[in-house]
Amino acid sequence: MKNIKELNSIPGYRVYEYLLVLNPHEELRNKIMHVKQQFHDTYQSDTALYSKPHITLVNFVQYEMLEERLLNRLKAIAMSFHPIKIELKDYGSFPSHTIYINILSKLPIQSLVKQIRSEAQRLMKLNEDNKPHFILEPHLTIARKLLPWQYEKGWLEYSHKHFTGRFIADAMLLLKRPVGEMRYQIVQRLEFQNLLIPATTQGELFM
């Protein structure tokens, strides 16, 4: 995210950080938040508490004035996509900085991310220094940006722990926040409707 402060100083060209995510249902979110709270209490990791449970599909920065065009494109993708059954089981890690809950049902999520990349990437690219980041290794983060000791001790414990959960993702959420701020707000919920959309209709949606 280079040169964002300079870009934000141009009148009318407000840049936001966006996340496109899949959201577990409330009961499962609460169960995962309990895990994140425990991790925070044991290993003093603030990132465990900052982020709410979600599966990131893509994160990017973009001018707010492009939001409506982007939403039209994402609505069309969501309308043509099917609800996804997501199975969560136990823990994994990205050495040496992140501990997450494993997702067993990766293929349909990867298929969705590839479709978004194919059809919406151009609207997510701010400039050559700030390109969208598509998550092709789906996971549900417990804690990230861990210090070496937090990761080593945490993974020693969580590599032996168990977790199970499942939910149907029937929509994706677009979230945004001003660059540099902590809290995201919901822009829109985009429902998966598994509809066949004729190319002409898609063209109209993209206008």
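Each remark here, short or long, concerns the structure printed above.
Residues numbered from 1 in each chain as written. Predicted model: local features only at pLDDT ≥ 70, side-chain atom pairs only at ≥ 80, totals over all residues. Heavy atoms only, no water.

(A) The arrangement of the overall build of the protein in detail. Across its full length, the protein carries seven helices and nine strands. Evaluated residue by residue, the protein yields a buried proportion of 46% over its 207 residues. Split by element, the accessible area of the protein, about 11,400 Å² in all, is 52% carbon and sulfur. (Helix = DSSP H or I, 4+ residues; strand = E, 2+ residues; numbered from the N terminus. Buried < 20%, exposed > 50% of the residue type's maximum accessible area, 1.4 Å probe, protein only. Areas by Shrake-Rupley, 256 points an atom, 1.4 Å probe, with all protein chains shown as cover.)

(B) Highlighting helix α2 (residues 26-43). The terminal C-alpha atoms of α2 lie 25 Å apart, and with 18 residues this matches the ideal 26 Å at 1.5 Å per residue to within 8%. Looking at α2, one finds that the buried residues are Leu-28, Ile-32, Val-35, Lys-36, Phe-39, His-40 and Tyr-43. Along the long axis of α2, the arc covered by the buried residues comes to 140 degrees, so they all point the same way. For α2, the exposed residues set more than 90 degrees away from the buried face come down to Glu-26 and Glu-27. Packed against the buried residues of α2 are α3 (47-50), β3 (84-94), β4 (98-103), β6 (140-143), α6 (148-158) and β7 (164-169). (Expected span 1.5 Å × (residues − 1). Arc of directions from axis to C-beta. Contact = heavy atoms within 4.5 Å.)

(C) Just the packing of aromatic side chains, in detail. Considering all chains together, one arrives at seven aromatic pairs under this definition. With a centroid separation of 5.1 Å and an interplanar angle of 85 degrees, the aromatic rings of Tyr-91 and Tyr-158 are classed as edge-to-face. Residue Tyr-91 is found in strand β3, and its partner Tyr-158 is found in helix α6; the two are separated by 67 residues along the sequence. The two residues Tyr-91 and Tyr-158 agree in class, both being buried. Grouped by ring-pair contacts, the aromatic residues Phe-39, Tyr-43, Tyr-91, Tyr-158 and Phe-163 constitute a single cluster. The residue whose ring lies beneath Lys-161 is Tyr-158, and the NZ or CZ to ring-centre distance is 5.3 Å. (Phe/Tyr/Trp six-rings, centres within 6.5 Å; stacked < 30°, edge-to-face > 60°. Lys NZ or Arg CZ within 6 Å of the ring centre and 35° of its normal.)

(D) Quick peek at the sheet that holds β3. Spatial strand order, β6-β4-β3-β7: four strands in an open sheet with antiparallel pairing. Two strands in the sheet have a free side with no partner beyond their single neighbour: β6 and β7. Strand-to-strand twist of the sheet, defined as the mean angle between neighbouring strand axes without regard to direction, takes the value 35 degrees. Here three bridges tie β4 to β6, and the two strands are oriented antiparallel to one another. Each bridged residue has a counterpart across the sheet, and for Tyr-100 the counterpart in β6 is Thr-141. Contacts between α2 and the sheet are confined to β3, β4, β6 and β7, with β6 contributing the most and set at about 30 degrees to the helix. Running at roughly 125 degrees to β3, α6 makes contact with β3 and β4 of the sheet. (Pairing = 2+ DSSP bridges. Axes fitted to C-alpha atoms, helices over the stretch in contact; angles between N-to-C directions.)

Any link to function would need more than the numbers given here.
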